[in-house]
Amino acid sequence: MILVCQKSDINDIFSSINRDKFFSKENWKNIQQCRLNFFEYAEDPRNSQYVDKEIARSWINSRDRGIKPNALVTREWLNSEALEKTIEKNRLLIEVTNSIIQNFKYVMFYSDYIIYLFDKNGIILLLEGDWESLVPFSKQKSLTGLILNDTSMGNSSHMLCMYLKEPVQLLGPEHYSAAFQNNIASATPLFDEHGEVIASLVLLSKALSNSTWEDSLPRLSLHTLGLITAMGVAIETQIKLLKSSDNLIIANSNLMQVNESLETSYNMLEATLAFTDEGLITVDRFGNITHINQKASRILRLTHSEAISRNISDFLTDKSFITKALTSGEPISYRETTFKIGKSEESYILTIRSTHSQDPQIIRGAVIRIVHPDKINALASLRAGSQAKFGFNDIIGDCNEIKKVKDIAQRFSLSSENILLIGESGTGKELFAQAIHNNYCPQGPFVAINCASMPRSLIESELFGYEGGSFTGADSHGKPGKIELANGGTLFLDEIGDMPYEVQAVLLRVLEDKQVMRVGGKRYQEVNFRVVAATNRNLLKMVQENQFREDLYYRLSVLRISIPPLRQREHDIILLCQYFIHTYCDKTGRSKPQLSPAAIKKILEYNWPGNVRQLENAIIYAINITQSDVINVEHLPYEMVEDGRELSNDKNNSTETEEILPLQVWEKAAIKSTLLKCNNSIAHAASILQISKSTLYRKIKEYDITL
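The rules behind the values
- Residues numbered from 1 in each chain as written.
- Predicted model: local features only at pLDDT ≥ 70, side-chain atom pairs only at ≥ 80, totals over all residues.
- Heavy atoms only, no water.
- Buried < 20%, exposed > 50% of the residue type's maximum accessible area, 1.4 Å probe, protein only.
- Helix = DSSP H or I, 4+ residues; strand = E, 2+ residues; numbered from the N terminus.
- Phe/Tyr/Trp six-rings, centres within 6.5 Å; stacked < 30°, edge-to-face > 60°.
- 1 Å grid on protein atoms, 1.4 Å probe; cavity = no way out; pocket = protein on both sides within 12 Å on 5 of 7 lines; lining within 4 Å.
- Points joined across faces, edges and corners; volume = space filled by probe spheres on them.
- Nonpolar A, V, L, I, M, F, W, Y, C, P; charged D, E, K, R; others polar.
- Expected span 1.5 Å × (residues − 1).
- Contact = heavy atoms within 4.5 Å.
- Salt bridge = Lys/Arg side-chain N within 4 Å of Asp/Glu carboxyl O.
- Pairing = 2+ DSSP bridges.
- Axes fitted to C-alpha atoms, helices over the stretch in contact; angles between N-to-C directions.
- Parallel < 35°, antiparallel > 145°, perpendicular 65-115°, else oblique.
- Left-handed = near helix turned anticlockwise from the far one by under 90°.

Visitor: Provide a residue-level description of helix H23 (residues 597-605), including the pertinent values.
Guide: Among the 9 residues that make up H23, 7 are buried, leaving the element largely enclosed by the rest of the structure. Within H23 the residues assigned to the buried category are Pro597, Ala598, Ala599, Ile600, Lys601, Lys602 and Ile603.

This is the structure:
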């Protein structure tokens, strides 16, 4: 999808945008999938209904030129002499563009947009905005002179708009370069008095995240194409005004129309900011509030008129934040502080950016973004890799034992009570915990902590968090604990039997009061979460031996689930083997080997002390060892074979081993394996097995195979 805006009549800038083409989350994902298919499977994007033909053409051209989508975009620069000549050649264009841009700094600080001016060769001449926060450019001191064209980065909005001679807007996955996969770029070409393209102007959005899909970005992006187009016309008009006094009357008329369009766009952006889920406040150099959006007004519990001219320091317990921003201009990112709101105190996360006049040494004020910690905590838990990926359908097994446990777990998951999972190591306790979470509160965070692997000296601070300077080595800004991060979701306490006795009392208090205080803190914070605990130890026996608190045991084990070991799930062992073979081979691109009858016999005879986890590792080991399409006994891990003699005998007398294997075991395994390959297609499976469909149905019923 590519949005194109006609530039012929400035009054029609906004009405000319095809709103039916305006992006949605679904369209974004469809384009993303097409891009993935193009790079990984060489599918022609020109056949896709979701990818614009010009975009598809540019992808193919970029690939044919040998451009790598993951290559650095900061590898080509003009040398100092060439850059000086280029800037001098475009001095009037740069000066006029800079004067227009200065009027929109306020809006850019609010919405995290970056604005670029490129010459016709794709060389950056000018830019404004927080470009240092953009990953491809974060380590660069300046971007002036950077070459970003079709040969260095593939397609781009600024090159495409100059080629088409029309304003365009590219969604993230429409970019060839992976560096801009989460950004939206709006661009307009700039023409000289003879109608020749001389440059392009680009407005680049901040990186798109899950939290911005539903709120500000979709609305903001609807107007950015109109805004950048209006700015482009304003620049062209101003240049014409300076170059030719003969056209002064016409230029002034056009400039009035442009100013009206700019004002309309500015007002639209301001109205959109009112709907963002983050508080936004601007202050002057003394800290007086000059602008506040609806979210920030609700946070401070003041009307817009009541908040204007109040000083931001009236609401902060730590005034050093705003003082630092307004005196040194030093940016402050994601600092947690306490707001005094009425008679209560509440924690919020602040980000502060100072605003400057044309002289960068003179600070005019600051823009403050206020975010509730829960939003940051949810993102933090995702970044920490604690997200729940699995559901009950991902738990493989059709024996009665596992079916019964899955049924109980599904019913328990709908309750808000704490759950205790009991089972040997490797039985899949965390898999059940994730499935319970996803069935109960999939939108909430899933936070996991292993009590056995955490040092005793750190487990308290990990669970409850700490305030800055609470102990030697602590982060000066403090850190939320796992319990805070789990607010609104699930806290998974693995190996709960290894939690230090002295910490158990504090955890019990949190579970009873639904309040947590950080280490070194002075106030409680309300939390709401469900605990799913897991253990391979006998907690009741530990209670009797005074190794585990009795009151905590009964608090955690309101609902108990016992997960059977693999040796009690004999009918699932071969099914799991086939599943692991398929998933691992699909992941690594290997051909899928078959289990020999002797290997099946050995697998079924083995006791599996490490349960499902050990079985998976054994299959992965065997796949990597075998040099053929068959896994034999000698390919299995050594601990599965009683001694070297048996392994040798198996090699030399595999026929004898195969003969003592019951036919029913091999036949059932063959049917299960074939059905798995055929996605349970009876007709296809019967054809491979060379039996009739009626015979296959009879065998499925005889062996109690679940489809």
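From this point, the discussion proceeds with the structure in view.
Visitor: I'd like to hear about the packing of aromatic side chains, residue by residue, with values.
Guide: Within a pair of aromatic rings, the relevant descriptors are the distance that separates the centres and the angle that separates the planes. Summed over the entire model, instances satisfying the criterion amount to 9 aromatic pairs. Here Phe39 and Tyr176 contribute two aromatic rings whose centre-to-centre distance is 5.3 Å and whose plane-to-plane angle is 65°, an arrangement assigned as edge-to-face. With Phe39 in helix H1 (residues 25-41) and Tyr176 in the loop between strand S4 (168-170) and strand S5 (185-191), the pair connects residues that are 137 residues apart, well separated along the chain. Exposure remark for Tyr176: the relative accessible area of 1% places this residue in the buried category.

Visitor: Go over empty space enclosed by the protein, please, and point to the residues and values.
Guide: Per the counting criterion, the structure on display carries 5 cavities of 30 Å³ or more. Considering the residues around the largest cavity, the lining is formed by 13 residues, among which Phe118, His158, Phe180, Val202 and Leu204 are closest to the centre. Elements supplying a minimum of two residues to the lining of the largest cavity: strand S2 (114-119), helix H7 (157-164) and strand S6 (197-204). Each residue belonging to the lining of the largest cavity can be placed in one class, and the counts come to 9 nonpolar, 4 polar and no charged.

Visitor: Describe helix H16 (residues 429-440), and please don't skip the residues or the numbers.
Guide: For H16, which comprises 12 residues, the first-to-last C-alpha distance of 17 Å matches the rise-based estimate of 16 Å (1.5 Å per residue) to within 8%. All of the buried residues along H16 are Lys429, Phe432, Ala433, Gln434, Ala435, Ile436 and His437. Buried positions along H16 lie against helix H15 (400-413), strand S12 (419-422), strand S13 (446-450), strand S14 (490-494), strand S17 (530-535) and strand S18 (559-562).

Visitor: Account for the layout of surface pockets, with residues named and values stated.
Guide: Empty space left among the atoms is revealed by rolling a probe the size of a water molecule over them. Of the voids in this model, the second largest pocket is the one considered here, and its volume is about 700 Å³. Put simply, the parts of the chain that give the lining of the second largest pocket at least two residues each are H16, helix H22 (570-588) and helix H24 (611-625). Considering every element that reaches the lining of the second largest pocket, the biggest residue donor is H16, with 5 residues. Per-class residue counts for the lining of the second largest pocket are 9 nonpolar, 7 polar and 8 charged.

Visitor: So, the pattern of salt bridges: which residues are in play, and what are the values?
Guide: Applying the stated criterion to the full structure yields 17 salt bridges. Ionic pairing is found between Arg509 and Asp513, a salt bridge with its closest N-O pair at 3.6 Å. Here Asp513 and Arg509 lie together in helix H19 (residues 501-513), a separation of 4 residues that amounts to about one turn. For Asp513, a relative accessible area of 39% gives the class partly exposed.

Visitor: Tell me about the sheet that holds S18, residues and numbers included.
Guide: The strand order across the open sheet built from 5 strands is S13-S14-S17-S12-S18, with neighbouring strands paired in parallel fashion. Each edge of the open sheet carries a strand with a single partner, namely S13 and S18. Within this sheet the neighbouring strands show an average axis-to-axis angle of 15°, counted without direction.

Visitor: Give a detailed account of the packing of H15 against H16, specifying residues and quantitative values.
Guide: Interaxial distance between H15 and H16 falls to 9 Å at its minimum, and their mutual angle equals 40°. As far as their axial angle goes, H16 and H15 are oblique. Both H15 and H16 take part in a crossing whose hand is right-handed. Facing Ile402, Val405, Lys406, Ala409, Gln410 and Ser413 of H15, the residues of H16 in contact are Phe432, Ile436, Asn439 and Tyr440. Classifying every residue of the contact of H15 with H16 gives 6 nonpolar, 3 polar and 1 charged.

No statement about biological role is implied by the geometric values presented.
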